[in-house]
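Fold and contact review
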Amino acid sequence: MSKTYKIAVVNGDGIGAEIVPAGVSVLDAIAKKHGFNIEKQSFPFGAGYYRDHGKFMSDDAIETLKKFDAIYFGAVGLPEIDDTLPARDYTFKVRTELKQYVNYRPVKLFSGLKSPLRTKTEKDIDFVVVRENNEGEFVQSGKTFYADDAHGFATDTSVFTRFGIERIAHYSFQLARKRRKKVTNVTKSNTLINSLAYWDRVIAEVAEQYPDVEFSKMYIDNASASFVLRPEVFDVILTTNLFGDILSDLGGAIMGSLGLGGSGNINPEKDFPSMFEPIHGSAPDIAGKNIANPIGQIWSAAIMLDHLGETEAANDIVAGIEATTAEGNLTVDLGGNASTSDIANRIIKHIEAKK
Ligand code: ATP
Ligand code: MG
């Protein structure tokens, strides 16, 4: 009997309603070709849900999502919903409660695309940002004090635990072993002398257990410049929640568009489902026009299948994306005029045609 994967589908807001169905159509095509089944169930969570219900997801959402093999997600956010609301957290809640402590964000220049870094080619841009996804700067522990307008102040506390640092470090070194065996710890311990000095110390200890992997440390300011000037020095970037958030947008930009970046919020032990989503947001400025680039969403489907053990199917999707960009089929953000659904259909054609 062929395998069946249960996938929770969460479009979210904005372009999610266009790019998630595009990604699902690719998933259906790849499942058919590789002889497995995808059983889908949709959930309406997000800012639209908040507008109607006063919360971003139902109270039983986490328990319900736990019953799936994976979550395929678009993006959350609407301009009319304040995104500093504490209840905003669809993404934060799922990532932490399902222990998705790895945010895996590959950066790769597909053939046919021109990086805005005009001297760089495909061989120069091929690395992964591994962002710590459960603690650090995003624990949302802090306060705003308004004594009066002239004397207000605010704090945010970062939390780094040995447990949290060790597990993301081990993941990164093990990933590097499957790639070019190089880990760069991106940090700022020269100014964040408590939290990030501790981060560095624990990572250096873990690094000693991987003598076959080349290990170095780079400060975030230098790393940002290096993304632009010499991206070829990177293989696996191991970094904190905040720095990883910023660097992966920069990674999307050097690929040619934010719309290209795929990602996985991964629970490596697989005790709960992982969640796969593009690196960008809900892009309300271009929603409803069938012009959003679906590649980041479709690449996320490949990352999902790889996580589920369907590596050949995952590779077929990436090959389909690359064949599509190589022939110059591009959405508006990349200077073309293909629609969201044109790109998905083209990728499906390539998948079906490949031997
Ligand atoms: P978030 O806080 O959720 O990350 P954001 O404020 O960073 O959201 P995005 O929604 O990522 O913003 O949009 C940033 C810009 O990138 C917008 O101009 C948007 O149109 C563009 N963009 C994002 N995703 C895509 C896509 N898939 N295709 C084309 N353009 C996109
Ligand atoms: Mg963003």
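Residues numbered from 1 in each chain as written. Chains lettered and ligands numbered in written order. Predicted model: local features only at pLDDT ≥ 70, side-chain atom pairs only at ≥ 80, totals over all residues.

Per an unreviewed UniProt entry, the protein chain goes by D-malate dehydrogenase (decarboxylating) and derives from Litoribaculum gwangyangense. Listed in UniProt under the heading Catalytic activity (unreviewed entry), the comment for the protein chain reads: "(R)-malate + NAD(+) = pyruvate + CO2 + NADH". The annotation that UniProt attaches to the protein chain under Sequence similarities (unreviewed entry) is "Belongs to the isocitrate and isopropylmalate dehydrogenases family." (UniProt positions renumbered as here; feature names shortened; annotations may be inferred.)

With that out of the way, let us pick up the site of ligand 1. The immediate surroundings of ligand 1 are formed by 15 residues, with Gly-259, His-280, Gly-281, Ala-283 and Asn-293 found nearest. Grouping the constituent residues of the shell around ligand 1 by class yields six nonpolar, seven polar and two charged. (Near = placed C-beta within 6 Å. Nonpolar A, V, L, I, M, F, W, Y, C, P; charged D, E, K, R; others polar.)

Below, the discussion takes up the packing of helix 1 (residues 16–34) against helix 11 (residues 340–353). Interaxial distance between helix 1 and helix 11 falls to 9 Å at its minimum, and their mutual angle equals 10°. Put simply, helix 1 runs roughly parallel to helix 11. The segment helix 1 lies against helix 11, with Glu-18, Ile-19, Ala-22, Ser-25, Val-26, Ala-29, Ile-30 and Lys-33 engaging Thr-340, Ser-341, Ala-344, Ile-347, Ile-348, Ile-351 and Glu-352. Looking at the contact of helix 1 with helix 11 residue by residue, the class counts come to nine nonpolar, three polar and three charged. (Axes fitted to C-alpha atoms, helices over the stretch in contact; angles between N-to-C directions. Helix = DSSP H or I, 4+ residues; strand = E, 2+ residues; numbered from the N terminus. Parallel < 35°, antiparallel > 145°, perpendicular 65-115°, else oblique. Contact = placed C-beta atoms within 7 Å.)

Counting through the fold element by element, Ala-287 comes out in the loop between strand 12 (274–278) and helix 9 (295–307). Residue Ala-287 is classed as partly exposed on the basis of its C-beta count, with 18 C-beta atoms lying within 10 Å. Considered as a pair, Ala-287 and Ile-19 are 268 residues apart in the sequence and their alpha carbons are 9.9 Å apart. Leave out the neighbours within four places in its chain, and Ala-287 touches Gly-14 and Ile-15. (Buried ≥ 20, exposed ≤ 12 C-beta atoms within 10 Å, placed from the backbone.)

Attention shifts here to helix 8 (residues 241–255). In this model helix 8 runs 21 Å from its N-terminal to its C-terminal C-alpha over 15 residues, within 8% of the 21 Å that 1.5 Å per residue would give. Asn-241, Phe-243, Gly-244, Leu-247, Ser-248, Gly-251, Gly-252 and Met-255 are the residues of helix 8 that are buried. The secondary structure elements touched by the buried residues of helix 8 are strand 4 (102–108), strand 5 (126–132), strand 6 (136–145), strand 8 (182–187), helix 7 (220–229) and strand 10 (236–239). Among the residues trailing helix 8, Gly-256 stands out with phi positive, at a value near 125°. (Expected span 1.5 Å × (residues − 1).)

Per-residue confidence for the protein chain gives a mean pLDDT of 94; residues scoring 70 or more make up 99%. Predicted complex, confidence summary: ipTM 0.95, pTM 0.94. (pLDDT = per-residue confidence, 0-100.)

What follows covers the domain arrangement of the protein chain. Much of the literature gives interface size as the accessible area that the parts lose upon coming together. Splitting the protein chain by domain gives domain 1 (1–100 + 263–355) and domain 2 (115–255). Each of domain 1 and domain 2 has a C-alpha centre, and these two points are 24 Å apart. Each partner contributes residues to the interface: domain 1 has seven residues there, and domain 2 has six residues. For the side of domain 1 that touches domain 2, the per-class residue count stands at two nonpolar, four polar and one charged. (Domains from an automatic or database assignment.)

Once that is clear, we can look at helix 5 (residues 162–177). Taking 1.5 Å of rise per residue, the 16 residues of helix 5 would be expected to cover 22 Å, and the 22 Å separating its terminal C-alpha atoms lies within 8% of that figure. All of the buried residues in helix 5 are Ile-165, Ile-168, Ala-169, Ser-172, Phe-173 and Ala-176. Mapping the buried residues of helix 5 onto a view down its axis gives an arc of 135°, with all of them on the same face. Packed against the buried residues of helix 5 are strand 4, strand 5, strand 8, helix 6 (195–207) and strand 10. (Arc of directions from axis to C-beta.)

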